[in-house]
Amino acid sequence: MSMKIPFLKKKQKAEESQDDLENVPGHVAIIMDGNGRWAQRKGLPRISGHKEGVHAVNKVVKIASQSGVKALTMFAFSTENWKRPKSEVDFLMKLPKEFLHMYLPEIMDNNVRIKTIGEFDALPEHTKKVIEYAVDSTKNNDGMLLNFALNYGGRYEIIRAVDKIIHDIDSNGLSINELDEELFSQYLYTKELQDPDLLIRTSGEQRLSNFLLWQSAYTEFWFTDVLWPDFDEHVFKEALREYQQRKRRYGGL
Ligand code: IPE
Ligand code: IPE
Ligand code: MG
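Below: a short report on this structure. (Residues numbered from 1 in each chain as written. Chains lettered and ligands numbered in written order. Predicted model: local features only at pLDDT ≥ 70, side-chain atom pairs only at ≥ 80, totals over all residues. Heavy atoms only, no water.)

**A closer look at the site of ligand 2**
The following threshold applies: Any residue with a heavy atom lying within 4 Å of a molecule or strand is counted as near it. For this analysis, a polar contact is any N or O atom pair within 3.5 Å, provided that within protein one partner can donate a hydrogen and the other can accept it, and provided that sequence-adjacent residues contribute only side-chain to side-chain pairs. Per-residue and other accessible areas follow the Shrake-Rupley method at a 1.4 Å probe size, with only the shown protein chains counted as cover for residues. A cavity, in this analysis, means grid points on a 1 Å lattice covering only the protein atoms where a 1.4 Å probe fits yet has no way out; a pocket is instead an open set bounded by protein on both sides within 12 Å along at least five of seven lines, and a residue lines either one if it has an atom within 4 Å of a point. More than half of a molecule's atoms within 2 Å of the grid points is what it takes for that molecule to sit in a cavity or pocket. Each helix corresponds to a stretch of at least 4 residues labelled H or I by DSSP, and each strand to a stretch of at least 2 residues labelled E; elements are numbered beginning at the N terminus. The nonpolar class holds Ala, Val, Leu, Ile, Met, Phe, Trp, Tyr, Cys and Pro. Asp, Glu, Lys and Arg form the charged class, and all remaining residues, Gly among them, are polar.
Looking at ligand 2, the residues that line it are Ile31, Met32, Asp33, Phe75, Ala76, Phe77, Asn81, Arg84, Arg201, Arg207 and Ser209. Within the contact set of ligand 2, an oxygen atom lies 3.2 Å away from a side-chain nitrogen or oxygen of Arg84. The separation between an oxygen atom of ligand 2 and a polar side-chain atom of Arg201 is 3.2 Å. Burial of ligand 2 by the protein amounts to 77% of the accessible area it has alone, namely 390 Å². Under a 2 Å grid-point criterion requiring more than half of the atoms, the pocket assigned to ligand 2 is the largest pocket. If one sorts the elements of the shell around ligand 2 by residue count, strand S2 (residues 71–78) sits on top with three residues. Tallied by class, the residues present in the shell around ligand 2 amount to five nonpolar, two polar and four charged.

**Focus: the side chain of Asp168**
Convention followed: Pairs of residues are marked as contacts when any of their non-hydrogen atoms sit within 4.5 Å.
Counting through the fold element by element, Asp168 comes out in helix H6 (residues 154–171). Sequence-distant contacts of Asp168, that is, excluding residues within four places in its chain, are made with Gly173, Leu174 and Tyr187.

**Focus on the pattern of salt bridges**
Short version of the rule: What makes a salt bridge here is a side-chain nitrogen of Lys or Arg within 4 Å of a carboxyl oxygen of Asp or Glu, nothing more. Working definition: with a 1.4 Å probe on protein chains only, accessible area under 20% of the residue-type maximum means buried, over 50% means exposed, and in between means partly exposed.
What the rule picks out here adds up to 18 salt bridges. In this structure, Arg37 engages Glu205 in a salt bridge whose closest nitrogen and oxygen atoms are separated by 3.0 Å. Residue Arg37 is found in helix H2 (residues 35–41), and its partner Glu205 is found in the loop between strand S5 (198–201) and strand S6 (220–223); the two are separated by 168 residues along the sequence. The exposure class assigned to Arg37 is partly exposed, which follows from its relative accessible area of 26%. The closest approach of N and O atoms between Lys86 and Asp90, which form a salt bridge, is 2.8 Å.

It is worth stressing that arrangement in space is one thing and function is another; only the former is reported here.
In structure tokens form, the structure reads like this:
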């Protein structure tokens, strides 16, 4: 029996060193799905799944920043999620406060910078206030960027970019001849970010649900049946290991 312990340790070591390989995705995007089903399976109200999911966010932030990921974009609320019952939406809008109250000190310790993408102004005042505080408190951190997609919709982001481009053509001397993919990207919420290398979706659903439509043109997708509140370091590392095996060709050979 005693033989087994060193063997396991070695195996674990081998897995850990595999995680340290150079091929770590620079930008990881996550569709955190399955909170409601997690709760329902336990006979609990949907909101308790959202509450539990907050801890999974913290676990992933920690492991991603330690693994050398440069940017982590987390889909927290879509432009379509307003369709849900008001009581659920109200609860979701209180979660940033819950998350930051518990974990902002740890985020600071990990040198993580917080930002958001999406239509921020349309969020409730109390939600905006806590997020603005977190963005401001972390603005000088130069570690991983933790980017929350809040009231985010990929199609709206594209329409908004077109609208801004038209405005710059009409009023700011932009020429239509300057328009190319690179310039277009500069009109998206994600202008400071490289496109996601790896996109993870939990809960067994295999769709984008209007997330990062433009940006995920050549992203590697990884799906898991794990429900978001059960997501942890081990599942994240599994996704990283699989990513490291992928061959990205971008249409070439
Ligand atoms: C993801 O979990 C959280 C948000 C979309 C805000 P869901 O609430 O979508 O959980 P399911 O998909 O209903 O299980
Ligand atoms: C996508 O999940 C949005 C977030 C995770 C924030 P949904 O649960 O809203 O997606 P659909 O409705 O199953 O496509
Ligand atoms: Mg869902």
